[in-house]
Amino acid sequence: MPTPWRIILGLLAVLACSPASAAESDVCIIAHLDVPIDELSRGSILDFYTGDIRQWSDGSPVVLFDQEDNDTVRDRFFSFLGKSSSRMRTLWMKRMLAGEGEPPATYGGDSAMVAAVASTPSAIGFAQRSAVTDDVKVLLVIPEREP
Amino acid sequence: MRRNNQHLLRLLLTGLLIAGPAYLTLAPSAEAQRHAAPLRIFGYFQSQFYHQEWLGGGGDQNSFQLQQLNLMLQKDLARRWTAFVNFEVVNNFSSFRDWGSFNLEEAWIRWRFDNRLSLRLGLQIPTFNNLNTIKNRTPVIPYIIRPLPYERSFEEFIRIDEYIPQQAYVQAFGWLPIGSAKIDYAAYLGNSANINEDSDLGQTGIDTTDLLLFGGRIGMRWGDFKAGASITYDEYVLGNSVAIIEMEPEQPSTNKVPRLRLGGDLSFRLGPIFSENEIINVRYDESGPVSDLDILFYYLTLGVATDEGVQVYASYWRTDESLVTDIEDLDLTLDIYGLGIVVPVSGAFFYKAQYARVEQEFKPDVNGVTSQAINYFSMAISVSF
(Lines give C-alpha, C1' and ligand atoms only; values in the text may rest on other atoms or scores of the structure.)
Protein backbone atom coordinates (compact mmCIF):
# COMPACT_ATOMS: atom_id res chain seq x y z
CA MET A 1 0.00 0.00 0.00
CA PRO A 2 1.42 3.45 -0.86
CA THR A 3 2.65 5.49 2.08
CA PRO A 4 0.15 8.43 1.76
CA TRP A 5 -2.79 6.01 2.02
CA ARG A 6 -1.23 4.46 5.11
CA ILE A 7 -0.96 7.91 6.69
CA ILE A 8 -4.58 8.74 5.84
CA LEU A 9 -5.88 5.43 7.22
CA GLY A 10 -3.80 5.88 10.35
CA LEU A 11 -5.21 9.34 10.87
CA LEU A 12 -8.77 8.06 10.40
CA ALA A 13 -8.22 5.33 12.99
CA VAL A 14 -6.87 7.85 15.49
CA LEU A 15 -9.84 10.14 14.88
CA ALA A 16 -12.33 7.30 15.27
CA CYS A 17 -10.95 6.39 18.68
CA SER A 18 -10.44 9.91 19.96
CA PRO A 19 -12.42 11.04 23.00
CA ALA A 20 -14.08 13.82 21.03
CA SER A 21 -15.42 11.42 18.44
CA ALA A 22 -16.68 8.96 21.05
CA ALA A 23 -18.29 11.78 22.99
CA GLU A 24 -20.24 12.96 19.97
CA SER A 25 -21.95 9.61 19.67
CA ASP A 26 -22.62 9.17 23.37
CA VAL A 27 -26.31 9.04 24.28
CA CYS A 28 -27.33 11.67 26.82
CA ILE A 29 -30.34 11.49 29.11
CA ILE A 30 -31.63 15.04 29.01
CA ALA A 31 -34.25 16.97 30.93
CA HIS A 32 -35.93 20.36 30.94
CA LEU A 33 -33.90 23.00 32.76
CA ASP A 34 -36.51 23.31 35.53
CA VAL A 35 -36.26 19.72 36.81
CA PRO A 36 -35.07 19.74 40.42
CA ILE A 37 -32.08 17.40 39.99
CA ASP A 38 -28.78 17.49 38.12
CA GLU A 39 -28.03 13.80 37.74
CA LEU A 40 -29.84 10.47 37.69
CA SER A 41 -28.86 6.85 38.20
CA ARG A 42 -29.71 4.09 35.73
CA GLY A 43 -32.19 2.66 38.25
CA SER A 44 -34.04 5.96 38.58
CA ILE A 45 -34.29 6.36 34.80
CA LEU A 46 -35.70 2.84 34.58
CA ASP A 47 -38.22 3.71 37.32
CA PHE A 48 -39.33 6.75 35.32
CA TYR A 49 -39.67 4.84 32.06
CA THR A 50 -41.50 1.90 33.62
CA GLY A 51 -43.88 4.24 35.43
CA ASP A 52 -42.85 3.17 38.91
CA ILE A 53 -41.95 6.79 39.66
CA ARG A 54 -44.05 9.51 38.06
CA GLN A 55 -43.07 12.62 39.97
CA TRP A 56 -39.91 14.67 40.40
CA SER A 57 -38.77 15.32 43.94
CA ASP A 58 -40.67 18.64 43.93
CA GLY A 59 -43.92 16.84 43.13
CA SER A 60 -44.19 17.92 39.50
CA PRO A 61 -45.24 15.10 37.12
CA VAL A 62 -42.51 13.48 35.01
CA VAL A 63 -43.19 13.94 31.29
CA LEU A 64 -41.53 11.11 29.33
CA PHE A 65 -40.42 11.34 25.73
CA ASP A 66 -39.34 8.52 23.43
CA GLN A 67 -37.75 8.33 20.00
CA GLU A 68 -39.35 6.59 17.04
CA ASP A 69 -38.80 2.89 16.33
CA ASN A 70 -35.74 1.62 14.47
CA ASP A 71 -33.54 4.31 15.88
CA THR A 72 -30.06 3.25 17.02
CA VAL A 73 -30.04 5.86 19.79
CA ARG A 74 -33.31 4.41 21.06
CA ASP A 75 -31.93 0.88 20.96
CA ARG A 76 -28.84 1.96 22.90
CA PHE A 77 -30.96 3.77 25.47
CA PHE A 78 -33.22 0.81 26.18
CA SER A 79 -30.32 -1.61 26.05
CA PHE A 80 -28.67 0.53 28.74
CA LEU A 81 -31.85 0.15 30.81
CA GLY A 82 -31.73 -3.62 30.29
CA LYS A 83 -35.00 -3.79 28.34
CA SER A 84 -35.76 -4.45 24.70
CA SER A 85 -38.00 -1.94 22.99
CA SER A 86 -40.72 -4.59 22.54
CA ARG A 87 -40.63 -5.20 26.29
CA MET A 88 -40.94 -1.47 26.98
CA ARG A 89 -43.91 -1.28 24.61
CA THR A 90 -45.61 -4.09 26.52
CA LEU A 91 -44.93 -2.36 29.85
CA TRP A 92 -46.41 0.90 28.55
CA MET A 93 -49.42 -0.87 27.10
CA LYS A 94 -49.98 -2.58 30.46
CA ARG A 95 -49.90 0.79 32.16
CA MET A 96 -52.25 2.35 29.66
CA LEU A 97 -54.76 -0.50 29.77
CA ALA A 98 -54.65 -0.42 33.56
CA GLY A 99 -55.63 3.25 33.50
CA GLU A 100 -52.25 4.32 34.81
CA GLY A 101 -51.03 6.56 32.02
CA GLU A 102 -50.20 6.93 28.37
CA PRO A 103 -47.06 5.71 26.59
CA PRO A 104 -44.45 8.45 26.11
CA ALA A 105 -44.86 10.81 23.18
CA THR A 106 -42.40 9.94 20.41
CA TYR A 107 -40.16 12.23 18.38
CA GLY A 108 -38.29 11.49 15.19
CA GLY A 109 -34.62 12.29 15.55
CA ASP A 110 -32.31 13.81 18.13
CA SER A 111 -32.91 17.47 17.25
CA ALA A 112 -36.68 17.11 17.56
CA MET A 113 -36.22 15.33 20.90
CA VAL A 114 -33.95 18.07 22.27
CA ALA A 115 -36.36 20.79 21.13
CA ALA A 116 -39.32 18.96 22.72
CA VAL A 117 -37.54 18.46 26.05
CA ALA A 118 -36.34 22.07 26.08
CA SER A 119 -39.85 23.41 25.57
CA THR A 120 -41.75 21.07 27.91
CA PRO A 121 -41.52 21.65 31.67
CA SER A 122 -40.67 18.52 33.70
CA ALA A 123 -39.77 16.59 30.53
CA ILE A 124 -37.11 13.90 30.24
CA GLY A 125 -35.80 12.27 27.07
CA PHE A 126 -32.62 11.05 25.39
CA ALA A 127 -30.56 12.09 22.39
CA GLN A 128 -27.13 11.75 20.87
CA ARG A 129 -24.67 14.18 22.41
CA SER A 130 -23.98 15.93 19.10
CA ALA A 131 -27.58 17.25 19.11
CA VAL A 132 -27.67 18.33 22.76
CA THR A 133 -27.75 22.08 23.39
CA ASP A 134 -27.57 24.31 26.44
CA ASP A 135 -31.37 24.52 26.41
CA VAL A 136 -31.56 21.18 28.24
CA LYS A 137 -29.92 19.62 31.26
CA VAL A 138 -27.78 16.48 30.82
CA LEU A 139 -28.56 14.07 33.68
CA LEU A 140 -26.52 11.05 32.58
CA VAL A 141 -24.28 10.06 29.70
CA ILE A 142 -24.29 6.56 28.24
CA PRO A 143 -20.82 6.13 26.69
CA GLU A 144 -20.70 4.73 23.20
CA ARG A 145 -18.84 1.70 24.51
CA GLU A 146 -20.09 0.76 27.91
CA PRO A 147 -17.52 -0.87 30.18
CA MET B 1 -65.95 -7.01 69.23
CA ARG B 2 -66.20 -8.30 65.68
CA ARG B 3 -69.39 -6.32 65.17
CA ASN B 4 -67.61 -3.16 66.43
CA ASN B 5 -64.79 -3.77 63.94
CA GLN B 6 -67.24 -4.11 61.09
CA HIS B 7 -69.00 -0.93 62.20
CA LEU B 8 -65.66 0.87 62.25
CA LEU B 9 -64.83 -0.43 58.78
CA ARG B 10 -68.15 0.74 57.41
CA LEU B 11 -67.54 4.19 58.91
CA LEU B 12 -64.07 4.29 57.35
CA LEU B 13 -65.44 3.19 54.00
CA THR B 14 -68.20 5.79 54.10
CA GLY B 15 -65.71 8.47 55.12
CA LEU B 16 -63.43 7.61 52.22
CA LEU B 17 -66.27 7.56 49.72
CA ILE B 18 -67.46 10.98 50.87
CA ALA B 19 -64.11 12.65 51.55
CA GLY B 20 -62.55 11.55 48.27
CA PRO B 21 -65.00 13.22 45.89
CA ALA B 22 -65.25 16.22 48.25
CA TYR B 23 -61.50 16.73 48.08
CA LEU B 24 -61.67 16.35 44.34
CA THR B 25 -64.40 18.97 44.08
CA LEU B 26 -62.76 21.47 46.38
CA ALA B 27 -59.06 21.14 45.80
CA PRO B 28 -58.04 20.66 42.19
CA SER B 29 -55.04 22.76 41.33
CA ALA B 30 -55.48 26.00 39.45
CA GLU B 31 -53.11 24.72 36.78
CA ALA B 32 -55.25 21.64 36.21
CA GLN B 33 -58.31 23.80 35.83
CA ARG B 34 -56.60 25.96 33.22
CA HIS B 35 -55.39 22.98 31.18
CA ALA B 36 -58.22 20.46 31.24
CA ALA B 37 -56.87 17.07 30.24
CA PRO B 38 -58.47 15.40 27.22
CA LEU B 39 -60.78 12.41 27.50
CA ARG B 40 -58.83 9.41 26.19
CA ILE B 41 -60.71 6.57 24.51
CA PHE B 42 -58.88 3.34 23.80
CA GLY B 43 -59.34 -0.40 24.01
CA TYR B 44 -58.59 -3.74 22.43
CA PHE B 45 -60.18 -6.89 21.11
CA GLN B 46 -59.22 -10.50 20.59
CA SER B 47 -60.87 -12.64 17.93
CA GLN B 48 -60.14 -16.33 17.54
CA PHE B 49 -60.81 -19.37 15.44
CA TYR B 50 -60.71 -22.67 17.29
CA HIS B 51 -61.03 -26.35 16.61
CA GLN B 52 -62.05 -28.58 19.48
CA GLU B 53 -62.07 -32.35 19.30
CA TRP B 54 -63.34 -34.75 21.91
CA LEU B 55 -61.01 -37.69 22.05
CA GLY B 56 -63.80 -40.03 23.13
CA GLY B 57 -65.50 -39.29 19.81
CA GLY B 58 -68.24 -36.91 18.72
CA GLY B 59 -68.86 -33.28 19.44
CA ASP B 60 -65.99 -31.88 17.38
CA GLN B 61 -66.34 -28.21 16.84
CA ASN B 62 -64.94 -25.42 14.63
CA SER B 63 -65.87 -21.88 15.47
CA PHE B 64 -64.96 -18.27 15.01
CA GLN B 65 -65.45 -16.17 18.09
CA LEU B 66 -65.01 -12.56 19.07
CA GLN B 67 -63.67 -13.65 22.41
CA GLN B 68 -63.45 -10.25 24.01
CA LEU B 69 -63.63 -6.54 23.31
CA ASN B 70 -62.89 -3.84 25.86
CA LEU B 71 -63.54 -0.14 25.49
CA MET B 72 -61.88 2.16 27.99
CA LEU B 73 -62.20 5.81 28.84
CA GLN B 74 -59.80 7.77 30.97
CA LYS B 75 -59.54 11.38 32.02
CA ASP B 76 -57.08 13.07 34.33
CA LEU B 77 -59.27 15.22 36.53
CA ALA B 78 -56.57 17.01 38.49
CA ARG B 79 -52.89 16.61 39.21
CA ARG B 80 -53.29 13.59 41.47
CA TRP B 81 -56.66 12.35 40.26
CA THR B 82 -57.68 10.26 37.31
CA ALA B 83 -60.98 8.59 36.38
CA PHE B 84 -61.21 5.33 34.44
CA VAL B 85 -64.08 3.33 32.95
CA ASN B 86 -63.78 -0.12 31.33
CA PHE B 87 -66.62 -1.79 29.39
CA GLU B 88 -66.19 -5.41 28.42
CA VAL B 89 -67.99 -7.50 25.81
CA VAL B 90 -67.39 -11.26 25.62
CA ASN B 91 -68.39 -14.22 23.44
CA ASN B 92 -69.84 -12.62 20.29
CA PHE B 93 -72.13 -10.50 22.41
CA SER B 94 -75.59 -9.92 21.00
CA SER B 95 -78.47 -8.92 23.23
CA PHE B 96 -80.86 -9.70 20.36
CA ARG B 97 -79.59 -13.29 20.13
CA ASP B 98 -78.93 -13.66 23.84
CA TRP B 99 -75.23 -14.43 23.24
CA GLY B 100 -72.30 -13.60 25.49
CA SER B 101 -72.34 -10.75 27.95
CA PHE B 102 -71.73 -7.03 28.22
CA ASN B 103 -70.21 -5.88 31.52
CA LEU B 104 -69.20 -2.71 33.23
CA GLU B 105 -65.89 -4.06 34.48
CA GLU B 106 -64.43 -0.99 36.11
CA ALA B 107 -65.42 2.56 36.95
CA TRP B 108 -63.09 4.15 39.45
CA ILE B 109 -61.31 7.27 40.45
CA ARG B 110 -57.69 7.12 41.59
CA TRP B 111 -55.83 9.48 43.86
CA ARG B 112 -52.07 9.10 43.73
CA PHE B 113 -49.90 10.60 46.44
CA ASP B 114 -46.65 9.08 45.15
CA ASN B 115 -45.25 5.59 44.59
CA ARG B 116 -45.88 4.78 48.25
CA LEU B 117 -49.63 5.34 48.25
CA SER B 118 -52.45 5.40 45.74
CA LEU B 119 -56.13 5.07 46.53
CA ARG B 120 -58.82 3.84 44.17
CA LEU B 121 -62.50 4.35 44.85
CA GLY B 122 -65.26 2.73 42.83
CA LEU B 123 -65.79 -0.52 40.95
CA GLN B 124 -62.42 -2.12 40.21
CA ILE B 125 -60.58 -5.41 39.72
CA PRO B 126 -58.72 -6.17 42.95
CA THR B 127 -55.07 -7.16 43.08
CA PHE B 128 -54.74 -10.90 43.56
CA ASN B 129 -51.64 -12.81 42.50
CA ASN B 130 -49.94 -11.69 39.30
CA LEU B 131 -52.58 -12.10 36.65
CA ASN B 132 -55.88 -10.89 38.07
CA THR B 133 -55.59 -7.20 37.24
CA ILE B 134 -54.28 -7.89 33.72
CA LYS B 135 -56.15 -11.10 32.95
CA ASN B 136 -58.50 -9.32 30.58
CA ARG B 137 -55.82 -7.18 28.90
CA THR B 138 -55.43 -9.62 26.04
CA PRO B 139 -52.73 -7.73 24.07
CA VAL B 140 -50.29 -7.92 26.98
CA ILE B 141 -50.69 -11.58 27.87
CA PRO B 142 -49.49 -14.45 25.67
CA TYR B 143 -52.54 -16.67 26.07
CA ILE B 144 -55.63 -17.04 23.91
CA ILE B 145 -57.29 -19.25 26.49
CA ARG B 146 -56.06 -17.96 29.83
CA PRO B 147 -55.38 -20.09 32.90
CA LEU B 148 -58.92 -21.26 33.66
CA PRO B 149 -59.99 -19.16 36.64
CA TYR B 150 -58.94 -16.10 34.65
CA GLU B 151 -60.84 -17.08 31.49
CA ARG B 152 -63.87 -14.84 31.37
CA SER B 153 -65.26 -16.46 28.23
CA PHE B 154 -65.67 -19.73 30.19
CA GLU B 155 -67.70 -18.04 32.90
CA GLU B 156 -70.84 -19.80 31.76
CA PHE B 157 -69.46 -23.18 32.88
CA ILE B 158 -66.59 -22.50 35.32
CA ARG B 159 -67.28 -20.78 38.64
CA ILE B 160 -64.44 -18.33 38.26
CA ASP B 161 -65.84 -16.17 41.05
CA GLU B 162 -64.99 -18.94 43.48
CA TYR B 163 -61.30 -18.85 42.67
CA ILE B 164 -60.53 -15.19 42.35
CA PRO B 165 -62.05 -11.97 43.67
CA GLN B 166 -63.68 -10.20 40.75
CA GLN B 167 -64.61 -6.85 42.25
CA ALA B 168 -63.55 -4.45 44.95
CA TYR B 169 -64.66 -0.91 45.71
CA VAL B 170 -61.88 0.62 47.79
CA GLN B 171 -58.21 -0.22 47.33
CA ALA B 172 -54.98 1.26 48.66
CA PHE B 173 -51.76 0.24 46.94
CA GLY B 174 -48.19 1.26 46.29
CA TRP B 175 -44.60 0.19 46.62
CA LEU B 176 -41.71 0.91 48.96
CA PRO B 177 -38.01 0.62 48.14
CA ILE B 178 -35.88 -1.69 50.26
CA GLY B 179 -32.34 -1.58 48.94
CA SER B 180 -32.51 -2.48 45.28
CA ALA B 181 -35.81 -4.33 45.76
CA LYS B 182 -39.36 -2.98 45.80
CA ILE B 183 -42.05 -4.14 48.17
CA ASP B 184 -45.51 -3.99 46.59
CA TYR B 185 -48.66 -3.93 48.64
CA ALA B 186 -52.39 -3.72 48.01
CA ALA B 187 -55.29 -3.86 50.45
CA TYR B 188 -58.93 -3.67 49.49
CA LEU B 189 -62.56 -3.98 50.51
CA GLY B 190 -65.41 -5.28 48.42
CA ASN B 191 -68.73 -7.03 48.66
CA SER B 192 -69.01 -10.49 50.15
CA ALA B 193 -70.26 -13.44 48.12
CA ASN B 194 -73.88 -12.75 49.04
CA ILE B 195 -74.96 -10.80 45.97
CA ASN B 196 -78.60 -10.70 45.01
CA GLU B 197 -79.10 -11.97 41.47
CA ASP B 198 -82.89 -12.26 41.54
CA SER B 199 -84.85 -9.11 40.76
CA ASP B 200 -87.93 -10.62 42.40
CA LEU B 201 -86.06 -10.45 45.72
CA GLY B 202 -85.06 -6.79 45.39
CA GLN B 203 -82.24 -4.76 43.94
CA THR B 204 -79.78 -6.94 42.03
CA GLY B 205 -76.00 -6.70 42.16
CA ILE B 206 -75.84 -5.62 45.77
CA ASP B 207 -74.57 -7.38 48.85
CA THR B 208 -77.57 -8.59 50.84
CA THR B 209 -75.59 -8.84 54.10
CA ASP B 210 -73.56 -6.56 56.32
CA LEU B 211 -70.44 -8.60 55.57
CA LEU B 212 -67.53 -7.43 53.43
CA LEU B 213 -64.75 -8.96 51.39
CA PHE B 214 -61.29 -8.14 52.76
CA GLY B 215 -58.23 -8.81 50.67
CA GLY B 216 -54.73 -7.88 49.77
CA ARG B 217 -51.40 -8.82 48.29
CA ILE B 218 -47.85 -8.26 49.45
CA GLY B 219 -45.03 -8.88 47.05
CA MET B 220 -41.48 -8.16 46.12
CA ARG B 221 -39.84 -7.12 42.86
CA TRP B 222 -36.13 -7.31 42.32
CA GLY B 223 -35.04 -6.64 38.79
CA ASP B 224 -37.00 -9.07 36.63
CA PHE B 225 -37.93 -11.27 39.57
CA LYS B 226 -41.40 -10.86 41.09
CA ALA B 227 -43.12 -12.83 43.84
CA GLY B 228 -46.08 -12.29 46.11
CA ALA B 229 -48.69 -13.72 48.44
CA SER B 230 -52.39 -12.86 48.27
CA ILE B 231 -55.35 -13.39 50.54
CA THR B 232 -59.07 -12.66 50.65
CA TYR B 233 -61.64 -13.37 53.33
CA ASP B 234 -65.40 -13.26 53.13
CA GLU B 235 -68.39 -15.28 54.27
CA TYR B 236 -71.21 -17.02 52.49
CA VAL B 237 -74.60 -16.79 54.13
CA LEU B 238 -76.40 -20.03 53.45
CA GLY B 239 -79.75 -19.60 51.79
CA ASN B 240 -78.47 -17.20 49.16
CA SER B 241 -78.30 -18.29 45.55
CA VAL B 242 -74.75 -19.58 45.32
CA ALA B 243 -73.39 -22.98 44.41
CA ILE B 244 -72.47 -24.13 47.89
CA ILE B 245 -75.90 -23.47 49.24
CA GLU B 246 -77.55 -25.52 46.58
CA MET B 247 -75.70 -28.47 48.07
CA GLU B 248 -77.18 -27.75 51.48
CA PRO B 249 -80.79 -26.73 50.89
CA GLU B 250 -81.91 -27.73 54.37
CA GLN B 251 -79.56 -25.42 56.24
CA PRO B 252 -81.01 -22.41 58.02
CA SER B 253 -80.33 -19.14 56.20
CA THR B 254 -78.44 -17.63 59.14
CA ASN B 255 -75.54 -20.08 58.84
CA LYS B 256 -72.35 -18.62 57.50
CA VAL B 257 -69.47 -20.33 55.76
CA PRO B 258 -66.23 -18.37 55.99
CA ARG B 259 -64.21 -18.52 52.78
CA LEU B 260 -60.48 -17.91 52.61
CA ARG B 261 -58.65 -17.57 49.31
CA LEU B 262 -54.88 -17.92 49.48
CA GLY B 263 -52.65 -17.19 46.53
CA GLY B 264 -48.97 -17.22 45.66
CA ASP B 265 -47.27 -15.97 42.52
CA LEU B 266 -43.76 -16.12 41.13
CA SER B 267 -42.58 -14.75 37.82
CA PHE B 268 -39.16 -13.97 36.44
CA ARG B 269 -37.08 -13.31 33.38
CA LEU B 270 -33.58 -14.62 32.82
CA GLY B 271 -32.30 -13.28 29.52
CA PRO B 272 -34.75 -14.54 26.90
CA ILE B 273 -36.39 -17.03 29.28
CA PHE B 274 -39.54 -16.07 31.13
CA SER B 275 -41.71 -17.89 33.58
CA GLU B 276 -45.05 -17.17 35.24
CA ASN B 277 -46.46 -19.33 38.01
CA GLU B 278 -49.36 -19.09 40.44
CA ILE B 279 -51.16 -21.16 43.00
CA ILE B 280 -54.62 -20.54 44.45
CA ASN B 281 -56.21 -22.46 47.28
CA VAL B 282 -59.80 -21.71 48.36
CA ARG B 283 -60.70 -22.96 51.80
CA TYR B 284 -64.04 -23.07 53.55
CA ASP B 285 -64.58 -23.39 57.25
CA GLU B 286 -65.24 -27.07 57.70
CA SER B 287 -66.79 -26.76 61.14
CA GLY B 288 -70.05 -25.68 59.51
CA PRO B 289 -72.56 -27.60 57.46
CA VAL B 290 -70.20 -28.06 54.49
CA SER B 291 -68.08 -30.88 55.82
CA ASP B 292 -65.24 -30.55 53.33
CA LEU B 293 -64.85 -28.29 50.31
CA ASP B 294 -61.50 -27.53 48.77
CA ILE B 295 -60.49 -25.83 45.56
CA LEU B 296 -56.96 -25.85 44.30
CA PHE B 297 -55.59 -24.32 41.13
CA TYR B 298 -52.09 -23.76 39.89
CA TYR B 299 -50.38 -22.98 36.64
CA LEU B 300 -46.80 -23.02 35.42
CA THR B 301 -45.66 -21.28 32.26
CA LEU B 302 -42.15 -21.37 30.86
CA GLY B 303 -41.21 -19.61 27.65
CA VAL B 304 -38.69 -17.81 25.51
CA ALA B 305 -39.06 -14.24 24.26
CA THR B 306 -36.98 -12.58 21.58
CA ASP B 307 -36.02 -8.91 21.52
CA GLU B 308 -38.55 -8.47 18.71
CA GLY B 309 -41.34 -9.63 21.03
CA VAL B 310 -41.94 -13.15 19.67
CA GLN B 311 -42.88 -15.44 22.55
CA VAL B 312 -43.02 -19.23 22.60
CA TYR B 313 -44.21 -20.95 25.73
CA ALA B 314 -45.31 -24.19 27.32
CA SER B 315 -47.74 -24.31 30.21
CA TYR B 316 -49.42 -26.70 32.59
CA TRP B 317 -52.59 -25.86 34.54
CA ARG B 318 -54.41 -27.95 37.10
CA THR B 319 -57.68 -27.43 38.91
CA ASP B 320 -58.92 -29.72 41.62
CA GLU B 321 -62.35 -29.24 43.18
CA SER B 322 -63.69 -31.58 45.82
CA LEU B 323 -66.85 -31.30 47.84
CA VAL B 324 -67.81 -33.74 50.57
CA THR B 325 -71.23 -33.37 52.16
CA ASP B 326 -73.66 -35.60 53.98
CA ILE B 327 -75.53 -36.00 50.69
CA GLU B 328 -72.78 -36.87 48.21
CA ASP B 329 -69.11 -36.49 47.27
CA LEU B 330 -68.15 -34.54 44.18
CA ASP B 331 -64.71 -34.40 42.67
CA LEU B 332 -63.47 -32.73 39.49
CA THR B 333 -59.91 -32.43 38.26
CA LEU B 334 -58.68 -30.78 35.09
CA ASP B 335 -55.15 -31.16 33.77
CA ILE B 336 -54.33 -28.89 30.87
CA TYR B 337 -51.12 -29.09 28.89
CA GLY B 338 -50.50 -26.20 26.53
CA LEU B 339 -48.16 -24.77 23.92
CA GLY B 340 -48.39 -21.31 22.46
CA ILE B 341 -46.75 -18.62 20.38
CA VAL B 342 -47.20 -14.86 20.05
CA VAL B 343 -45.90 -12.93 17.06
CA PRO B 344 -46.14 -9.15 17.14
CA VAL B 345 -47.04 -7.66 13.78
CA SER B 346 -46.76 -4.13 15.13
CA GLY B 347 -46.76 -2.59 18.58
CA ALA B 348 -50.54 -2.86 18.64
CA PHE B 349 -51.32 -6.02 16.65
CA PHE B 350 -50.39 -9.59 17.58
CA TYR B 351 -50.95 -13.03 16.09
CA LYS B 352 -51.39 -15.79 18.65
CA ALA B 353 -51.70 -19.55 18.40
CA GLN B 354 -52.29 -22.03 21.19
CA TYR B 355 -52.76 -25.74 21.61
CA ALA B 356 -54.23 -27.22 24.77
CA ARG B 357 -54.93 -30.78 25.75
CA VAL B 358 -57.57 -30.93 28.47
CA GLU B 359 -57.90 -34.06 30.58
CA GLN B 360 -60.90 -34.21 32.89
CA GLU B 361 -61.70 -36.66 35.65
CA PHE B 362 -64.90 -36.47 37.60
CA LYS B 363 -66.88 -38.20 40.30
CA PRO B 364 -69.69 -39.25 40.35
CA ASP B 365 -69.73 -40.66 36.86
CA VAL B 366 -71.89 -39.36 34.04
CA ASN B 367 -73.52 -42.30 32.27
CA GLY B 368 -70.68 -44.52 33.45
CA VAL B 369 -67.98 -42.16 32.17
CA THR B 370 -65.48 -40.75 34.68
CA SER B 371 -62.95 -39.10 32.40
CA GLN B 372 -62.63 -37.43 29.04
CA ALA B 373 -60.03 -35.56 27.03
CA ILE B 374 -60.21 -32.68 24.60
CA ASN B 375 -57.76 -31.28 22.07
CA TYR B 376 -58.11 -27.58 21.54
CA PHE B 377 -56.38 -25.68 18.73
CA SER B 378 -56.77 -21.94 18.49
CA MET B 379 -55.51 -19.00 16.44
CA ALA B 380 -56.24 -15.40 17.30
CA ILE B 381 -55.56 -11.80 16.50
CA SER B 382 -55.20 -9.44 19.42
CA VAL B 383 -55.42 -5.75 18.60
CA SER B 384 -55.21 -2.63 20.72
CA PHE B 385 -56.46 0.73 19.48
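These figures come from a predicted structure and were not determined experimentally.

> Explanation requested: the interface of chain B and chain A in the structure shown.
Note: interface size is frequently given as the accessible area lost on complex formation between the parts. In this complex, chain B contributes 34 residues to the contact, which on the side of chain A involves 24 residues. Summing the contributions of chain B and of chain A, the shared interface buries around 2200 Å²; its carbon and sulfur component is 48%. Contact with chain A buries area across many residues of chain B, yet Arg79(B), Arg112(B) and Val140(B) alone supply 22% of it, more than any other trio. At the boundary of chain B and chain A, one finds eight salt bridges. The shortest N-O distance in the salt bridge between Arg110(B) and Glu100(A) comes to 2.9 Å. Taken together, chain B and chain A are joined by 15 residue pairs in polar contact (both at pLDDT 80 or more). Elements that contribute at least two residues to the side of chain B that touches chain A include exactly strand 1 (40–54), strand 2 (61–78), strand 3 (81–94), strand 4 (99–114) and strand 6 (168–178) of chain B. Tallying contributions element by element places strand 4 of chain B first for the side of chain B that touches chain A, with five residues. Taken together, the residues of the side of chain B that touches chain A sort by class into 13 nonpolar, seven polar and 14 charged.

> I would appreciate a short explanation of the packing of helix 3 (residues 42–50) of chain A against helix 4 (residues 72–81) of chain A in the present structure.
A pair of packed helices can be characterised by two numbers: the angle between their axes and the separation between those axes. Residue and element names in this part refer to chain A. Across the interface, helix 3 lies against helix 4 with an axial gap of 9 Å and an inter-helix angle of 110°. Compared by their axis directions, helix 3 and helix 4 come out roughly perpendicular. Each of Arg-42, Ile-45, Leu-46 and Tyr-49 in helix 3 lies in contact with helix 4, whose residues at this interface are Phe-77, Phe-78, Phe-80 and Leu-81. Residues that form the contact of helix 3 with helix 4 fall into these classes: seven nonpolar, no polar and one charged.

> How should the nonpolar core be read in this particular structure?
Side chains that are nonpolar tend, in soluble globular proteins, to be buried together. The biggest cluster of nonpolar side chains holds 49 residues, and the ones touching the most others in it are Leu97(A), Leu148(B), Ile280(B), Tyr284(B), Tyr299(B) and Trp317(B). When residues of this core are assigned to their parent elements, the largest contribution, five residues, is made by strand 12 (residues 292–305) of chain B. Trp317(B) has contacts with Tyr143(B), Ile145(B), Arg146(B), Pro147(B), Leu148(B), Phe297(B), Tyr298(B), Tyr299(B), Leu334(B), Asp335(B), Ile336(B) and Gln354(B), leaving out every residue within four places of it along the chain. Membership of the second largest hydrophobic core comes to 35 residues, among which are Val35(A), Phe48(A), Phe78(A) and Met113(A).

> What exactly am I supposed to notice about the pairing of strand 11 (residues 273–284) of chain B here?
Regular strands have side chains that alternate between both faces of the sheet. All names here are of chain B. With respect to burial, strand 11 is a largely interior element, nine of its 12 residues being buried. Bridge analysis of strand 10 (residues 256–270) against strand 11 gives 12 bridges, and the strand direction is antiparallel. By the bridge assignment, Phe-268 is partnered in strand 11 with Ser-275. Linking strand 10 back to strand 11 in an antiparallel pair, the connection comprises two residues, with Gly-271 at a positive phi of about 60°.

> So what exactly am I meant to see when it comes to the confidence of the model for chain A here?
All names here are of chain A. Averaged over all residues, the pLDDT of chain A is 85; the fraction at 70 or higher stands at 82%. The weakest mean pLDDT in chain A belongs to helix 1 (residues 3–17) at 50; the strongest belongs to strand 1 (residues 27–32) at 96. A low-confidence stretch, residues 10–21 (pLDDT under 50), is modelled with two contacts involving residues beyond four sequence positions or located in other chains.

> What exactly am I supposed to notice about the side chain of Lys83(A) here?
Positionally, Lys83(A) belongs in the loop between helix 4 and helix 5 (85–97). One polar contact links Lys83(A) to Asp224(B), side chain to side chain, over a distance of 2.9 Å. Filtering out sequence-adjacent residues up to four positions away, Lys83(A) remains in contact with Leu46(A), Phe78(A), Met88(A) and Asp224(B).

> Just to check I follow, could you spell out the environment of Gln55(A) for this structure?
Topologically, Gln55(A) is positioned in the loop between helix 3 and strand 2 (63–67). Through-space distance from the C-alpha of Gln55(A) to that of Ser122(A) is 8.9 Å; in sequence the pair is 67 residues apart. Setting aside chain neighbours within four positions, we find Gln55(A) in contact with Phe48(A), Ser60(A), Pro61(A), Val62(A), Arg79(B), Arg80(B), Phe113(B) and Asp114(B). A distance of 3.5 Å separates a polar atom in the side chain of Gln55(A) from the backbone oxygen of Phe113(B).

> What should I look at first to understand the pairing of strand 5 (residues 136–142) of chain A in this one?
Residue and element names in this part refer to chain A. Of all seven residues in strand 5, five are buried; the element is thus mostly enclosed. Alignment of strand 1 against strand 5, held across six bridges, turns out to be antiparallel. Bridged to His-32 within strand 5 is Val-136.

Calculation criteria
- Residues numbered from 1 in each chain as written.
- Chains lettered and ligands numbered in written order.
- Predicted model: local features only at pLDDT ≥ 70, side-chain atom pairs only at ≥ 80, totals over all residues.
- Heavy atoms only, no water.
- Contact = heavy atoms within 4.5 Å.
- Buried area = accessible area lost by both parts, 1.4 Å probe.
- Salt bridge = Lys/Arg side-chain N within 4 Å of Asp/Glu carboxyl O.
- Polar contact = N/O pair within 3.5 Å; in protein donor to acceptor, adjacent residues only side chain to side chain.
- Helix = DSSP H or I, 4+ residues; strand = E, 2+ residues; numbered from the N terminus.
- Nonpolar A, V, L, I, M, F, W, Y, C, P; charged D, E, K, R; others polar.
- Axes fitted to C-alpha atoms, helices over the stretch in contact; angles between N-to-C directions.
- Parallel < 35°, antiparallel > 145°, perpendicular 65-115°, else oblique.
- Core = buried A, V, L, I, M, F, W, Y, C linked by side-chain atoms within 4.5 Å.
- Buried < 20%, exposed > 50% of the residue type's maximum accessible area, 1.4 Å probe, protein only.
- Pairing = 2+ DSSP bridges.
- pLDDT = per-residue confidence, 0-100.

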